[in-house]
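What follows is each chain in one-letter form.
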Amino acid sequence: MSHLSSGPFVGPDQQVFNEHRKLLFSVAYRILGVAADAEDAVQDAWIKWSAADRSQVADPKAYLTRIVSNVALARLRSTQHKRETYVGPWLPEPILTIGDTAETVADAESVSMAMLVVLETLSPLERAVFVLREVFDFSHAEIAEAVERSEVAVRQAAHRAREHVRARRPRFTADRGRQREVTERFLAAATGGDVNALMELLSPDVTLWTDGGGKVRQALRPVVGAATVAAWFAAIGSVTYQGIEPADMKVELVEVNGGPGVVFSGPGRVIATVTFDFDSDGRVTAIHNVANPDKLRAVATGTAHDVGTQ
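Presented here is a report on the structure given in the accompanying data block. (Residues numbered from 1 in each chain as written. Predicted model: local features only at pLDDT ≥ 70, side-chain atom pairs only at ≥ 80, totals over all residues. Heavy atoms only, no water.)

Across its full length, the protein holds 12 helices and eight strands. For 310 residues, the compact-globule estimate of 2.2 N^0.38 gives 19 Å, and the protein sits close to it at 20 Å. Overall, the protein is about 65 × 45 × 35 Å in size when its C-alpha atoms are taken along their principal axes. Of the contacts made within the protein by residues no fewer than 6 positions apart, 67% connect residues no fewer than 24 positions apart. (Helix = DSSP H or I, 4+ residues; strand = E, 2+ residues; numbered from the N terminus. Rg over C-alpha atoms; globule rule 2.2 N^0.38 Å. Contact = heavy atoms within 4.5 Å.)

Below you can see the structure in the form of structure tokens.
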């Protein structure tokens, strides 16, 4: 795969592309939920842009966004079967994000693990349409061109997707300061093995989703209920995990997918990420734990993404 030159000899076409590269990744990642696939979609968009008659392009930003959306949609369709036959729950590939660059709460929410999990339940077309309409504020006509469908079909898909997401993703979130405080307290309680302190932070019907992808041992079904989930995390400070002793485990609070998250690592490798979903009181309602090593590469690189929508 040829990567774009970042050296001094950047032509005007490449310069235009680079100006919009962040936005293109932001679009592709929300449609695909996999950082590596999103990077590939951006690369494909570059190849198409290089071959296009750019003298006919009045608005490069809109043109490039259309290309990357179309590429991402095609890629999403081709990976559907893999996701349907996945071992255990399929969770998105987490990414490190840059605080405050999600300019609004909506930007952060639209890239959260919880939202990406909901988007996973849409059809590929509905997902692409929802992302372009609700997150990036494209018109129905622009989306129709991007996904190569009629405007009527796009309006219908947008309506179905919006209703579906609304039903599964109530829009209330504790403020970011409260989220961070609860995450810090959760971390302290988990590493200290304090079940009672964990119980205080969890909603009674909290659900833990773990994604090992059959590569590492994880729960193959959601773990439900405050007592069970608290016991699961209270063991962190006292049991060997994936061959790593508690004393060798490094635990960091970082920003993952637009909100506070935890990265667990051992010597030379990232072992897992944990992200949280909160109710309006700041209690944890869902926990997403990604441990499949194939899905930790984006976090392991240490690259933080700006996933703003501008």
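What follows deals with the packing of helix H3 (residues 60-84) against helix H6 (residues 124-135). Pairs of packed helices are described in terms of their axes, by the angle between the two and the distance that separates them. The N-to-C vectors of H3 and H6 enclose an angle of 145°; their axes lie 9 Å apart at closest approach. For the pair H3 and H6, the sense of crossing is right-handed. Between H3 and H6, the residues in contact are Thr65, Ser69, Leu73, Leu76, Arg77, Gln80 and Arg83 and Pro124, Leu125, Arg127, Ala128 and Leu132, respectively. Of the residues in the contact of H3 with H6, the class split is six nonpolar, three polar and three charged. (Axes fitted to C-alpha atoms, helices over the stretch in contact; angles between N-to-C directions. Left-handed = near helix turned anticlockwise from the far one by under 90°. Nonpolar A, V, L, I, M, F, W, Y, C, P; charged D, E, K, R; others polar.)

Before going further, it helps to spend a moment on the environment of Val229. Tracing the sequence through the fold places Val229 in helix H11 (residues 226-234). When the C-alpha positions of Val229 and Val195 are compared, they lie 9.4 Å apart, and in sequence the two are 34 residues distant. Those residues in contact with Val229, other than ones at most four positions away along the chain, are Leu202, Val206, Leu208, Val223 and Ile287.

Tracing the backbone through its elements, the reader meets His140 in helix H7 (residues 140-147). Within the local environment of His140, its side chain forms a polar contact with the side chain of Arg133, the two groups lying 3.5 Å apart. Ignoring sequence-local partners within four residues, the contact set of His140 consists of Arg133, Glu151, Val154, Arg155 and Ala158. (Polar contact = N/O pair within 3.5 Å; in protein donor to acceptor, adjacent residues only side chain to side chain.)

Turning our attention to the side chain of Asp211. Within the fold, Asp211 resides in strand E2 (residues 202-211). The exposure class of Asp211 is buried, given its relative accessible area of 0%. Polar contacts involving the side chain of Asp211 include one to the side chain of Tyr86, which spans 2.5 Å. (Buried < 20%, exposed > 50% of the residue type's maximum accessible area, 1.4 Å probe, protein only.)

Right, let's talk about the nonpolar core for a bit. In terms of nonpolar packing, the biggest core is built from 51 residues, with Phe17, Tyr29, Val68 and Leu119 touching the most fellow members. The set of elements that each furnish at least two residues to this core consists of helix H1 (12-32), helix H2 (35-51), H3, helix H5 (113-119), H6, H7 and helix H8 (151-168). When residues of this core are assigned to their parent elements, the largest contribution, nine residues, is made by H1. Non-local contacts of Val68, meaning those with residues more than four positions away in its chain, are made with Leu24, Val27, Ala28, Ala41, Val42 and Ala45. Of all hydrophobic cores here, the second largest spans 30 residues; its members include Val182, Leu201, Leu202 and Val262. (Core = buried A, V, L, I, M, F, W, Y, C linked by side-chain atoms within 4.5 Å.)

In the structure shown here, the tally under the stated rule is six aromatic pairs. With a centroid separation of 6.3 Å and 40° between ring planes, the pair formed by Phe276 and Phe278 is classed as tilted. Across the pair, exposure class does not vary: Phe276 and Phe278 are buried alike. Site record: aromatic cluster; members linked through ring pairs are Phe186, Phe233, Phe276 and Phe278. The lysine or arginine in question, Lys295, covers the ring of Trp90, its NZ or CZ lying 4.1 Å from the ring centre. (Phe/Tyr/Trp six-rings, centres within 6.5 Å; stacked < 30°, edge-to-face > 60°. Lys NZ or Arg CZ within 6 Å of the ring centre and 35° of its normal.)

What follows concerns H3. Compared with an ideal rise of 1.5 Å per residue, which puts 25 residues at 36 Å, H3 spans 36 Å between its outermost C-alpha atoms and is within 8% of the ideal. Helix geometry: H3 is bent most strongly at Ser78, by close to 35°. (Expected span 1.5 Å × (residues − 1). Bend = angle between axes of the 7 residues up to and from the residue.)

The next subject is the pairing of strand E7 (residues 284-290). In terms of burial, E7 is a largely internal element, six of the seven residues being buried. Summarising the sheet, strand E6 (residues 269-278) and E7 pair through six bridges and their orientation is antiparallel. Following the sheet pairing, Phe276 is matched in E7 by Ile287. Hairpin connection of E6 to E7: five residues between the antiparallel strands, including Gly282 at a positive phi of 90°. (Pairing = 2+ DSSP bridges.)

Looking now at H6. Given a rise of 1.5 Å per residue, 12 residues ought to cover 16 Å, and the 16 Å separating the end C-alpha atoms of H6 matches this to within 8%. The buried count for H6 comes to 10 of 12 residues, which makes it a mostly enclosed element. Those residues of H6 that are buried lie in contact with H1, H3, helix H4 (105-110), H5, H7 and H8. Just past H6, the residue Asp137 takes up positive phi, approximately 60°.

Note that every value here comes from positions in space, so none of it alone points to a role or purpose.
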